[in-house]
Amino acid sequence: MDFQAGIRKHPVIAALRNERDLRRLKDSKPEVSFLLFGEINTLARTVKSVRETGKQVYLHVDLAQGFGNDRAAIKYIKKEIQPDGVLSTRTHLVRFAKEEGLFVIQRLFIPDTMSVETGKQLLKQSKADAVEVMPGVVSSWVFDELKEKLGIPIVAGGLLRRTIDVKNAFQNGASAVSVSSEKLWNLDFPINI
């Protein structure tokens, strides 16, 4: 199953922050997970553990400890860690990962209108396969702008703490949401409030 099929099946992505989250993933609904912790010596085992739950795993390379900020790190991650793909805020790492044949999600922080324009330019340069917009509580026009210009899945992430936050992100146009709160992982869709 690929990323888009995974988020179509269940549009909530489990953001895994620690081993406890990892243990709780097995019996949860998300098909896709973002791995937001780990270090070079244990990541291959952690990725394997996620895969054994039947879930996809995308490694946030900016948060993984022990890697350089270069193409060699991406090559090592692809060969030795073997995630389904990677996330990064760094455009050059996104480009390297694309060139290595990985599925890549670029994280964009959108604090103001100018950052939307900057984000669109970064995404054109990087050719990311999907984008995670942070915080996920941004206005609907942000999602509209990105969809219109890019045509890639948009994940809303950050500051989504309640069911209503998740509902609003979808109403605003997100393709999926990334949440660390386990209570939100198993929401049923459509969300009725």
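Data block above holds the structure.
Basis of the calculations
- One numbering rule holds for all chains: residues counted from 1, following each sequence as written.
- A pLDDT threshold of at least 70 governs which residues receive local features in this predicted model, and a stricter bar of 80 or more applies before side-chain atom pairs are shown or counted, although totals over entire chains, interfaces and linings include all residues.
- To get the side-chain values, take all heavy atoms of the structure and skip hydrogens and water.
- We call two strands paired when DSSP finds no fewer than two bridges between them.
- The secondary structure listing takes helices from DSSP runs of H or I that are at least 4 residues long and strands from runs of E that are at least 2 residues long, numbered from the N terminus.
- In this analysis, axes come from line fits to C-alpha atoms, helices being fitted only over the stretch in contact, and the angle between any two N-to-C directions falls in the range 0 to 180 degrees.
- Contacts are assigned to residue pairs that have any heavy atoms within 4.5 Å of one another.
- For the exposure calls, accessible area comes from a 1.4 Å probe over protein chains only, and a residue counts as buried if that area is under 20% of its type's maximum, exposed if over 50%, partly exposed in between.
- Note that the arc is defined by the directions from the helix axis to the C-beta atoms.
- Salt bridge, as used here: a side-chain nitrogen of Lys or Arg that lies within 4 Å of a carboxyl oxygen of Asp or Glu.

Colleague: Looking at this model, I keep getting lost on the sheet that holds strand β8 (residues 176–179). Mind explaining?
Modeller: What links the strands of a sheet is backbone hydrogen bonding, and the strands pair in either a parallel or an antiparallel sense. Judged by pairing direction, the barrel is parallel, and its 8 strands sit side by side in the order β1-β2-β3-β4-β5-β6-β7-β8 before closing back on the first. The mean angle between the axes of side-by-side strands here comes to 25 degrees, regardless of whether they run parallel or antiparallel. Relative to β8, strand β7 (residues 154–157) is paired through 3 bridges, and the arrangement is parallel. When the bridges of β8 are listed, Gly157 appears paired with Ser178. Against the sheet, helix α3 (residues 43–52) touches β1 (12–16), β2 (32–35) and β3 (56–60), its axis set at about 150 degrees to β3. Together, β5 (103–109) and β6 (130–134) form the strand contacts of helix α6 (residues 113–126), whose direction differs from that of β5 by roughly 160 degrees.

Colleague: How should helix α4 (residues 71–81) be read in this particular structure?
Modeller: A turn of α-helix holds 3.6 residues, and therefore any two residues three or four places apart point the same way. What α4 keeps buried is the set Ala73, Ile74, Ile77 and Ile81. An end-on view of α4 places all buried positions within 100 degrees of arc, on one side of the element. Looking at α4, the residues exposed on the side facing more than 90 degrees away from the buried face are Ala72 and Lys79. On its buried face, α4 sits against α3, β3, β4 (85–88) and α5 (91–99).

Colleague: What's the story with the pattern of salt bridges in this structure? I'm lost.
Modeller: Under the definition given, this model contains 14 salt bridges. A salt bridge links Arg71 to Glu99; its shortest N-O distance comes to 2.7 Å. Note that Arg71 is positioned in helix α4 and Glu99 in helix α5, a separation of 28 residues in sequence. The salt bridge partner of Asp165 is Arg162, with a shortest N-O separation of 3.1 Å. Classification of Asp165 as buried rests on a relative accessible area of 10%. What emerges from the salt-bridge pattern is a single network uniting Arg71, Glu99 and Glu100.

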